[in-house]
Amino acid sequence: MRRLIYILPLGLFVVLAGYFAVGLTRDPSVVPSALIDKPVPEFTLPPLLKDGQGLASAELKGKVQLVNVFASWCVPCRVEHPVLMRLAKEQGVTVKAINYKDKPEDAIRWLNQGGNPYAAIGADQDGRVSIDWGVYGVPETYVIDAEGRIRYKVVGPVMPDEVERHILPLIKSLQGDLQG
Amino acid sequence: MIPELGHYALVLALFLALVQATLPLIGAARGDIAWMDVAKPAAIGQFTMILVSFLALTYAYVVSDFSVLNVVQNSHSMKPMLYKVAGVWGNHEGSMLLWVLILAMFGGAVALFGHNLPPTLKARVLSVQAMIGVAFLLFIIATSNPFIRVDPAPLDGTDLNPLLQDPGLAFHPPFLYFGYVGFSMAFSFAVAALIEGRVDPAWARWVRPWTLAAWSGLTMGIALGSWWAYYELGWGGWWFWDPVENASFMPWLAGTALLHSAIVVEKRDALKSWTILLAILTFTLSLIGTFLVRSGVLTSVHAFAVDPARGVFILALLVIATAGALLLYAIRAPSMKMGGLFAPISREGALVLNNLLLSTATATVFLGTLYPLFLDAIDAGKVSVGPPFFNATFIPLMVPLIAAMSVGPLLAWKRADLAGALSRLKFAAVLTVICVLGALYAYQGGPVMALLGVALAAWAFFGAIIELTDRIKLFRAPLAESWRRAVGLPRSSWGMTIAHAGMGVAIAGMTGSAAWMTERIQVMRPGDTAQIAGYELRFDQVEERPIANYQAKTGTFTLSRNGEFLATLHPEERWFPVSRMSTTEAAIRTNWVSDLYVVLGQEQQGGTGGYATRLYHHPLVPWIWIGCVIMMIGGCVSLSDRRFRIGVPARAKRDRQPTPQPAE
C-alpha cells in the first residue's frame, strides 16, 4: 500500500504527458464560432441608458466595430474594462455592447464607477439575443466588419496582448479593405 | 567559416556529452575510478565546446553576418550593439544554445569545484547532467540549428522584435535560464542519490548551494521580466498571470519549497524522499515551462517561437527525463529510511507547513495555467483562466505562509514553544500595528485587503529583523557582545534574514500597487495640464525624430507639485519601420516610494492636435523590485556560507588520513 504512494507521482505525470500530447495537436488561439464570417444575427435590443442608444443588427453595418458582451456581475468583465476604455478612448475604436442578463440599475452603477467605453448598449435581460450570437459565457468580444459580418471572436476577458496581437491589426486591415 | 566552426563545436559537444553520460555511470556501478574520472575532463570539454559554439554565433551577430539565416531573421545592421548581442538569445535557436551553455556550465562547475563530493556520487551526478545535455544538444542540432546559411545572402536583416529591444529584456533570459537550468543540478543530484540509494545530511549540503544559486538567478530573472512588463507594455501592470510568466513562476515556487525542505534533510535527516521528489518536480516544472513556451501549446505575448515539431521533441524529452526519474523514485524511495521524529510545533513542523503551502500554490498556478489545455484536450470547450482565478486562489495560500514565515525561524528543532516564540515577536506585532494605522491614516478608505497586505508585509519584514536581533542579543547584551555575535553568525542565517525581509518589502510593493493605484486617461493638447494624486502635469510638446533603427515620437511633460517644479518627463512612442511595429516607452519618475508613470498614446484623428495620454500614480511599486533584489542578495549571502565551501566530510577524511597512502 505504501508503495502506491511512491508510484502516484509517476501515474499523475503520465496522465499529464497524455494531455500535453493531445494539446500539441490543437491551436489555442483559434476560438471556434459557427458564426465567423457570417452576418450578425437579426436582433433589436432596447437601450440600457435612458438617453443612450440601443443596439440592432442594422446599426452594425457601415464601419468596423467591436461588440462586447458584458454584465455587472461578471468578474472578468471588470478585468477587461480598462482595456476597452483604452481601445475606445485612445485608439478611437467604436465599441458597442450587449448587457447580458443584468439588472439595469446594477449595470448603470457599474458604468458610472468604471467609465463607459460603449457607443451603444443594448440590454439583453433574458439572454435570448445572446443565444443567437452563440455567447456561452461573459465576457465575449466580437470584431464586426463594415458589412456587418462577424470576423473574430474573443472568449473571456480581452487582455492587452490580445489587443496588440490580434484585434488592432485585424481592425487596421479591415479598415484598409474599406478604403482600398 | 566561423559559423561552421560553431556548428562543428556543437556536434563535438554532443559526442563529449554522450561519453560523459555513459562511462562515469558504468564506472560508478563497477567501482572503477578511471572510468569515473572521465567525467571531469568530459564535462569541462563539453562546456568549452558549447562556449566556442555560442561565441561563434555571437560573432556572427556582432559583425552582422547576413549569410546566416538566424542573424537575418533576428538582426539588422542599424541595430545598437547591445541588441545585436542580446539578439543572440532573443530567438528560439539562440536561446536554446544559451540553455545548453548554462547547463554545461553548471556541469563544468561541479566537475571543477566538487572535490568534496564522494567520487561515485560526483560521477553519477555528472552523468545525469550530461544526459540532459545530450537530449538538448540533439534537439538543437536536429530541429533548431542556429548556423544554417542562406545563399544568396540578403543585404540586411529583418530586425529583432521591437518589444524585445530593451535593456530589461536583454538581460532577462540569461538570468531566467540560469535559474531554470540551475535546477537541473538539483535534479541530477536527486537522480544520482536514487541510483546510489542513499540520501543523508551531507547530500543535502551538496545540493543546497546549487539550488540557492539557481533560485537567486530565477528571482532576478522573474523580477527583470516583470519590470520590463511594467514599463514597456505601457499598461502600468507588472504581473499578468500570463502562461509564460507562470511558466517561470512555478519552478520558483517549487524551488523555494526545495530550498526549505533541504534544510530539514541537512539538519535533521528527515523529509528525505519528499525532498528528492521536490528536486525532480522543480526541474520538471522548468522543462514544462520550456515546453509550454517553445511548443506554442499556450500562446502569449512572450512566446516568440511556435513550431509543433519542436513541441513533439521537447515533449519526448520531458517524458523521458521526468518519467525516468519518477520511475526510479517509485522503485528506490520506499526503501529510504525515515529520519528524526518531530512534534508538529517545531522548526521542522514550520518548514513542512511552508512546503505544504508552497506546493499547493504551485499546483494552483499549474492548474490555472493548464486548465484551458486540459479542457480542450477532452473537447470540453475553450476557456481562458484570467487573473481573477489566480488572485482568488493564490493569495489565500500566501497569507498563512507569510504569517508563519516570521514565526518559523524562532521555533526550536524537534519540539518548540509556540507561545514563547510569539512573545519574542511582540515588537514585530507592535510595529505591524503601527504600519497598519499609518496606512489607514495615509489612505483613508482604502480596501480592507490592502490593510491585510500592509500587515503581512510589516510582519514579514519586522519578524525577520526581530529574529536577527534576537540571535545577536541586540540591546540585551553589551553592544560589543552583539557585534561579536553578528560577525560570528553564519552567512546562511544572514541570508535568511535578508531574503525574508526582502519578501516583506516586495509584498508592500504589491499591496500598494494593487490597492492605491490611480489612473487617468484623457485627451490632452500641448499646453493642457492634468492632475493626478496631488501632482500637476503639463503637456508641453511632441517632437518626432529618427534614432538608430526607429522613429521616435517624444512627448515633453512638466511635473510639478503645488506649483513647484519637480521634473521633466519624456514618454515616447517608437515606430520600427523594418518590422512595422511600434512600442510605447513610458516615462517613469520614481522617488523610491512611489512612481508617477506617463504614457503618450496616439494622436487623435481629425487634426485637433490632441493626444491620448495615460497617467498612473503607483504607490510603493518600486519596492516590488527592490524587494526582489534584496531576496536575491539574501540568496547570494547564504550561498557564501562557509560550510558549503569547507564540506565537513572532506575535512573528516583529511583528519583521518593526514598523508595520502599508497594503494595496496
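Note that this is a predicted model, so its numbers are computed, not measured.

Parameters and conventions
Starting from 1, residues in each chain are numbered consecutively following that chain's sequence as written. Chains carry letters and ligands carry numbers; both start at the beginning, A for chains and 1 for ligands, and go up in the order they are written. Residues qualify for local features only when their pLDDT is at least 70, as the model is predicted, and side-chain atom pairs are given and counted only at 80 or more; totals for whole chains, interfaces and linings, by contrast, use all residues. Secondary structure elements are defined from DSSP: runs of H or I of at least 4 residues count as helices, runs of E of at least 2 residues count as strands, and each element is numbered from the N terminus. Radius of gyration: over C-alpha atoms. The globule rule applied is 2.2 Å multiplied by the number of residues raised to the 0.38 power. With C-beta atoms placed from the backbone, a residue counts as buried when 20 or more other C-beta atoms lie within 10 Å of its own, as exposed when 12 or fewer do, and as partly exposed for counts between those limits. Here contacts are defined at the residue level, using C-beta atoms placed from the backbone and a cut-off of 7 Å between them. Should DSSP find at least two bridges between two strands, the strands are taken to pair. Every axis in this analysis is a line fitted to C-alpha atoms, fitted for helices over the stretch in contact. Angles between the N-to-C directions lie between 0 and 180 degrees. Put simply, a nonpolar core is a cluster of buried Ala, Val, Leu, Ile, Met, Phe, Trp, Tyr and Cys residues tied together by C-beta atoms within 7 Å. Multiplying 1.5 Å by the residue count of a helix minus one yields the expected span of that helix. The predictor's confidence in any single residue is recorded as pLDDT, a number from 0 to 100.

Draft legend 1. Summary view of the overall build of chain A. Tallying secondary structure elements over chain A gives 5 helices and 7 strands in all. Going residue by residue from the N terminus, the α and β elements of chain A occur as α-β-β-β-α-β-α-β-α-β-β-α. Relative to the compact-globule value of 16 Å for 180 residues, chain A shows a C-alpha radius of gyration of 20 Å, a clear excess of over 25%. Structurally, chain A occupies a C-alpha span of about 70 × 45 × 30 Å along its principal axes. Residues counted as buried form 38% of the 180 residues belonging to chain A. Restricting the contact set of chain A to residue pairs at least 6 apart, pairs at least 24 apart contribute 75%.

Draft legend 2. Spatial organisation of the overall build of chain B. A tally of regular secondary structure across chain B gives 23 helices and 10 strands. Out of the 664 residues belonging to chain B, those deemed buried represent 51%. Counted over contacts in chain B with a minimum sequence separation of 6, partners at least 24 positions apart contribute 75%.

Draft legend 3. Examining the sheet that holds strand S7 (residues 150–155) of chain A more closely. All names here are of chain A. Ordered in space as S5-S4-S3-S6-S7, the 5 strands form an open sheet in which the pairing is mixed. Looking along the sheet, the strands with just one partner apiece sit at the ends: strand S5 (120–124) and S7. Averaged over neighbouring strand pairs, the angle between their axes works out to 20 degrees when direction is ignored. Pairing between strand S6 (residues 140–144) and S7: 5 bridges, direction antiparallel. Residue Glu140 lies in a different strand from S7, and its bridge partner there is Val155.

Draft legend 4. Molecular detail of the nonpolar core. All names here are of chain B. If you look at the biggest cluster of nonpolar residues, it comprises 232 residues, and the most contacted ones within it are Val100, Ala186 and Ile280. The greatest single-element share of this core, amounting to 18 residues, is contributed by helix H10 (residues 201–232). Other than its neighbours up to four places away in sequence, Val100 contacts Ile50, Gly133, Phe136, Leu137 and Ile140. If you look at the next biggest cluster of nonpolar residues, it comprises 15 residues, including Ala586, Ala587, Val598 and Leu615.

Draft legend 5. Structural context of helix H20 (residues 491–516) of chain B. In a regular helix each residue adds 1.5 Å, so 26 residues correspond to 38 Å; H20(B) covers 37 Å between its end C-alpha atoms and thus fits that length. Burial of H20(B) is extensive: 21 of the 26 residues sit out of reach of the surface.

Draft legend 6. Local environment of the environment of B:Leu212. Residue and element names in this part refer to chain B. Here Leu212 lies in helix H10. In sequence terms Leu212 and Ala186 are 26 residues apart; their C-alpha atoms lie 9.9 Å from each other. Ignoring any residue separated from it by four or fewer positions in sequence, one finds Leu212 in contact with Leu259, Gly635, Ser638 and Leu639.

Draft legend 7. Focus on unusual backbone geometry. Residues and elements named next belong to chain B. Following Asp151, the chain continues to Pro152 via a peptide bond in cis, the omega torsion being 0 degrees. Mapped onto the elements, Pro152 comes out in the loop between helix H7 (119–143) and helix H8 (167–170). For Leu271, which is not glycine, the phi torsion reads 60 degrees and is therefore positive. With respect to the element layout, Leu271 can be found in the loop between helix H11 (243–268) and helix H12 (272–295). Accessibility expressed as a C-beta count within 10 Å gives 26 for Leu271, which makes it buried. Despite not being glycine, Lys414 has its phi angle at roughly 65 degrees, a positive value. Within the secondary structure, Lys414 sits in the loop between helix H15 (387–407) and helix H16 (418–424).

Draft legend 8. Local environment of the sheet that holds strand S1 (residues 518–524) of chain B. All names here are of chain B. If you walk across this open sheet you meet the 4 strands as S1-S10-S9-S8, and the pairing is antiparallel. Each end of this open sheet is capped by a strand with a single partner; those strands are S1 and strand S8 (587–590). Shown here is a sheet whose adjacent strand axes are inclined to one another by a mean of 15 degrees, direction ignored. Examined bridge by bridge, strand S9 (residues 594–603) and strand S10 (residues 611–619) share 8 bridges and lie antiparallel to one another. Among the inter-strand pairings, Asp595 is bridged to a residue of S10, identified as His618.

Draft legend 9. The pairing of S9(B), seen in detail. Here S9(B) lies mainly inside the structure; 8 of its 10 residues are buried. Counted between consecutive antiparallel strands, the loop separating S8(B) from S9(B) contains 3 residues, among which B:Trp592 sits at a positive phi close to 70 degrees.

Draft legend 10. How the structure looks around the confidence of the model for chain A. Overall, the prediction assigns chain A a mean pLDDT of 83, with 91% of residues at 70 or greater. The least confident element of chain A is helix H5 (residues 160–179) of chain A, whose mean pLDDT is 81; the most confident is strand S3 (residues 65–70) of chain A, at 92.

Draft legend 11. Molecular detail of the confidence of the model for chain B. All names here are of chain B. With 92% of its residues at a pLDDT of at least 70, chain B reaches an overall mean of 86. Between the elements of chain B, mean pLDDT differs from a low of 43, seen in helix H23 (residues 648–656), to a high of 96, seen in helix H3 (residues 39–62). Within the model, the stretch residues 300–306 combines pLDDT values under 50 with 18 contacts to residues more than four positions away or in other chains. The ipTM assigned to the predicted complex is 0.79, against a pTM of 0.80.

Draft legend 12. Structural detail: the environment of A:Leu170. Residue and element names in this part refer to chain A. Among the secondary structure elements, Leu170 is positioned in helix H5. The exposure class of Leu170 is partly exposed, given the 15 C-beta atoms found within 10 Å. For Leu170 and Tyr152, which are 18 residues apart along the polypeptide, the C-alpha to C-alpha distance reads 8.5 Å. Once residues lying within four places of it in the same chain are set aside, the contact partners of Leu170 are Val143, Arg151 and Tyr152.

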